[in-house]
Amino acid sequence: MIRIENLVKVYGGIAALDGLSLSVEKGEFFAFLGPNGAGKTTTIRILNGLGTPTSGSARIDSIDIAENPLEAKRLCGLAAQHINLDGDLTVAENMDVHGRLYGLSRDERAAASNALLARVDMADRANAPVNTLSGGLKRRLMIARALMHRPRVLFLDEPTAGLDPDIRRRIWGLIKKIRQDGITVFMTTHYIEEAEFLADRVAFIHCGKLAAVGTPSEIMDGIGRWAIDFYHDAELRSAYFTGRDGVDEFIRRQCGEFSVRRVNLEDAFLAMTGNRVRPSQA
C-alpha cells in the first residue's frame, strides 16, 4: 500500500531524509519511531503530498505521489501532529467542511459525519464549538475528520501527544476499532509502548536513515529478552541478555543497586542508535 524508495529530503544543506526505503502492506498497522528531528514528520508530509522529496520516490497503492498528488491524496487521511481544527466552527461544521473539500454530497457528508462522531463517542458534541473541547476530544475529532472521505490509508502523526495516560489509552481503543475496517494505518509516536501495543510492524528512523524494521518481538529479540538497569560512575546504564543464565551471572558480579526487567522497544532503539525516544510536550 505504501512504498518508499531511496527517499532524500534536504533542507538548507542538511538531509532530513537520507536514502529512506521501506514498504507497508495493505491493512497493516505500521509504527514509525524515532527521536525529534529524525525525519518522521518529513516522511508523512511527503506521503501526503504536503512536501516534495529532493530525490527518490513514494507511492500510495502504486500511485506515484509526485506525478499524481491529487489522486494519491484521495486515498489518504491525515490526523496531523498539531491541532488544525477551526475553533470557531462546531464539531459537525468541521466535519462538513472536510467532506466538501473531498467532493462528498450533502447526504454523504451528513451520513459520514453522524456515523464517525458516534464511533468516536462524540455524537452528543456535534453542535459544540471546537474551542470548547478538551485536548482529548480534539484528538478524537481529528481522527474522525481524517476518515470522512473513507481513505484507504490513515496517517496518525503523534495522535496522543500531550495527553494524559487515561486519555491516551482511550485513543488507543479508538485506533484499534478503526483497524477492524481493514484501513492501513501509518503512525508516528514518541510513546514506545503505543507501538508495542498497537503495531504489526515498527521501523526505527535515525538521522534520516532506516535503523531497523520488523515486528516488535523481532526487534526486541535482536538485543535480548532481559534487561538489567544499573548505575556505573553515577550514570544509569542497561545490559541486555538472551537468557536467565547471563542475568544470573551479571547479578553475581554486580555490587551496587540494579533492577531486572523484560526488554522493551525503547531498549532496542537505544541499543541501535544510542538515543532515547522522548515524548513530545506538544
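Further up the page is the structure itself.
Predicted model, so just to flag it, every value in this text is computed and none were measured. (Residues numbered from 1 in each chain as written. Predicted model: local features only at pLDDT ≥ 70, side-chain atom pairs only at ≥ 80, totals over all residues. Heavy atoms only, no water.)

1. Some points on the pattern of salt bridges
One pass over the structure, following the stated rule, counts 18 salt bridges. Put simply, Asp 200 and Arg 179 hold a salt bridge, and the shortest N to O gap is 2.7 Å. Of this pair, Asp 200 sits in the loop between helix H7 (192-198) and strand S9 (201-206) while Arg 179 sits in helix H6 (residues 165-179), placing them 21 residues apart in sequence. Residue class for Arg 179 comes out partly exposed when judged on its relative accessible area of 24%. The salt bridge involving Arg 237 is made with Glu 235; its shortest N-O contact spans 3.8 Å. Classification of Arg 237 as partly exposed rests on a relative accessible area of 33%. Three or more residues joined by partner-sharing salt bridges are found here, namely Asp 96, Arg 100 and Arg 109. (Salt bridge = Lys/Arg side-chain N within 4 Å of Asp/Glu carboxyl O. Helix = DSSP H or I, 4+ residues; strand = E, 2+ residues; numbered from the N terminus. Buried < 20%, exposed > 50% of the residue type's maximum accessible area, 1.4 Å probe, protein only.)

2. Topic: a nonpolar patch on the surface
Judged by side-chain polarity, Val 97, Leu 101 and Tyr 102 come together as a nonpolar surface patch covering roughly 290 Å² of accessible area. Take Val 97: it is sitting in helix H3 (residues 91-101). Overall, the relative accessible area of 38% leaves Val 97 in the partly exposed class. (Patch = residues over 30% accessible without salt bridge, like charges linked within 9 Å, V, L, I, M, F, W, Y side chains within 5 Å. Areas by Shrake-Rupley, 256 points an atom, 1.4 Å probe, with all protein chains shown as cover.)

3. Looking at the layout of surface pockets
One water molecule sets the probe size; rolling that probe over the atoms shows where empty space is left. By volume, the largest pocket amounts to about 510 Å³. Elements with a contribution of two residues or more to the lining of the largest pocket: helix H2 (69-74), strand S6 (76-79) and H3. Broken down by element, the residue count for the lining of the largest pocket peaks at four residues, all from H3. Residue composition of the lining of the largest pocket, by class: ten nonpolar, six polar and four charged. A volume near 350 Å³ is recorded for the second largest pocket. Around the second largest pocket sit 20 residues that line it, and Leu 147, Met 148, His 149, Arg 150 and Pro 151 are the ones nearest its centre. (1 Å grid on protein atoms, 1.4 Å probe; cavity = no way out; pocket = protein on both sides within 12 Å on 5 of 7 lines; lining within 4 Å. Points joined across faces, edges and corners; volume = space filled by probe spheres on them. Nonpolar A, V, L, I, M, F, W, Y, C, P; charged D, E, K, R; others polar.)

4. Description of the nonpolar core
Within the largest apolar cluster, 52 residues are counted, with the highest numbers of intra-cluster contacts made by Leu 141, Ile 143 and Leu 265. If you tally residues by element for this core, the top one is helix H5 (residues 135-146), at six residues. Ignoring anything within four residues of it in the chain, the contact list for Leu 265 reads Leu 33, Ile 192, Ala 195, Glu 196, Val 202, Phe 204, Pro 216, Ile 219 and Met 220. With 26 residues, the next largest nonpolar core counts Met 1, Ile 63, Phe 155 and Ala 203 among its residues. (Core = buried A, V, L, I, M, F, W, Y, C linked by side-chain atoms within 4.5 Å. Contact = heavy atoms within 4.5 Å.)

5. Looking at the side chain of Ser 57
Along the polypeptide, Ser 57 turns up in strand S4 (residues 55-60). Residues contacting Ser 57, with those up to four places away along its chain left out, are Arg 3, Ile 4, Glu 5, Leu 7 and Asp 64.

6. Remarks on the environment of Arg 145
Note on placement: Arg 145 falls in helix H5. Taking relative accessible area as the criterion, Arg 145 reaches 11% and is therefore assigned buried. Taking the C-alpha atoms as reference points, Arg 145 and Asp 96, 49 residues apart in sequence, are found 8.8 Å from one another. Ignoring anything within four residues of it in the chain, the contact list for Arg 145 reads Asn 84, Leu 85, Asn 94, Met 95 and His 98.

7. Thoughts on the sheet that holds strand S1 (residues 2-11)
The strand order across the open sheet built from four strands is S2-S1-S4-S5, with neighbouring strands paired in antiparallel fashion. The open sheet terminates on both sides in strands that have one partner only, identified here as strand S2 (14-24) and strand S5 (63-64). In the packing of helix H1 (residues 40-47) onto the sheet, contacts are made with S1, S2 and S4, and the angle to S1 comes to roughly 115°. (Pairing = 2+ DSSP bridges. Axes fitted to C-alpha atoms, helices over the stretch in contact; angles between N-to-C directions.)

8. Some details on the sheet that holds strand S13 (residues 258-262)
The strand order across the open sheet built from three strands is S12-S11-S13, with neighbouring strands paired in antiparallel fashion. Single-partner strands in this sheet number two, and they are strand S12 (235-241) and S13. Each strand of the sheet is rotated relative to its neighbour by a mean of 25°, with strand direction disregarded. Bridge count between strand S11 (residues 226-232) and S13: five bridges; the pairing is antiparallel. Counterpart to Ile 228 in the pairing with S13 is Val 260. Seen against the sheet, helix H9 (residues 244-253) touches S11, S12 and S13 and runs at an angle of roughly 20° to S11.

9. Brief notes about the packing of H3 against H5
Where H3 contacts H5, the axes come no closer than 9 Å and their chain directions differ by 30°. When the interaxial angle is binned, H3 and H5 end up roughly parallel. Two packed elements cross with a definite hand, and for H3 against H5 that hand is right-handed. Only Leu 141, Ala 144, Arg 145 and Ala 146 of H5 make contact with H3, whose side of the interface consists of Val 91, Asn 94, Met 95 and His 98. For the contact of H3 with H5, a count of residues per class yields five nonpolar, two polar and one charged. (Parallel < 35°, antiparallel > 145°, perpendicular 65-115°, else oblique. Left-handed = near helix turned anticlockwise from the far one by under 90°.)

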